[in-house]
Amino acid sequence: LIEFINEIQRLTLSSNIGDRFHLEFRGQNTVEFEVGTSTCGDIVDGLEALSSIGRIHLPSNSLSQVINSRDDVDIEFVTERGSLDLITSSGHETVTKLQEGEAPYRPERQ
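First, a word on scope: everything that follows refers to the structure included in this document. Note that the structure is predicted; figures quoted are calculated from it, not measured.

Looking now at the pattern of salt bridges. Across all of its chains, the model carries 6 salt bridges by this definition. With its nearest N and O atoms 3.0 Å apart, the salt bridge here joins Glu-34 to Arg-20. Taken together, the residues span a long stretch of sequence, with Glu-34 in strand β5 (residues 33–34) and Arg-20 in strand β2 (residues 20–21) at a distance of 14 residues. What you see here is one network of salt bridges that share partners, running through Glu-7, Lys-97 and Glu-100.

Listed below in structure tokens is the structure:
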């Protein structure tokens, strides 16, 4: 049996405390987040509110952790399969792929 590999993207916060930004995935924007006030749980809620994302998981962050400049937030896609587009930010944040998703399949035989 071939297993799916969930994609993990790392959001690195570069904005200053008090700055606001939103995230975008597949053409949809989240609500705004404020550095120094919003939590990792707010990021989960904001991303999962998009119709382009089902469920995500933060494997290395507490949901109650307040996001601050220079923090890394690892976002694991639980329901989206395969290699995904990067999340983008309206602020100075950067996003990189830590683990590329794979959705193995077997081609049909006729």
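Right, let's get into the packing of aromatic side chains. In this description, an aromatic ring pair is defined by two values, namely the gap between the centres and the angle between the planes. For the structure shown, the criterion picks out 2 aromatic pairs. Taken together, a centroid distance of 5.7 Å and an interplanar angle of 50° make the contact between Phe-21 and Phe-33 tilted. Here Phe-21 is found in strand β2, whereas its partner Phe-33 is found in strand β5, with 12 residues between them in sequence. Accessibility assignment for this pair places Phe-21 and Phe-33 in one class, buried. In this structure, Arg-81 packs its charged tip against the face of Phe-4, placed 4.3 Å from the ring centre.

Across the sheet, 4 strands lie side by side as β6-β7-β1-β9; this open sheet has antiparallel pairing. What marks the edges here is a single partner per strand, and that holds for β6 (56–57) and β9 (94–99). Of the strand pairs in this sheet, strand β1 (residues 8–12) and strand β7 (residues 72–77) are connected by 5 bridges, and their pairing is antiparallel. Each residue of the ladder has a partner; that of Thr-12, found in β7, is Asp-72.

What counts as what
- Residues numbered from 1 in each chain as written.
- Predicted model: local features only at pLDDT ≥ 70, side-chain atom pairs only at ≥ 80, totals over all residues.
- Heavy atoms only, no water.
- Salt bridge = Lys/Arg side-chain N within 4 Å of Asp/Glu carboxyl O.
- Helix = DSSP H or I, 4+ residues; strand = E, 2+ residues; numbered from the N terminus.
- Phe/Tyr/Trp six-rings, centres within 6.5 Å; stacked < 30°, edge-to-face > 60°.
- Buried < 20%, exposed > 50% of the residue type's maximum accessible area, 1.4 Å probe, protein only.
- Lys NZ or Arg CZ within 6 Å of the ring centre and 35° of its normal.
- Pairing = 2+ DSSP bridges.

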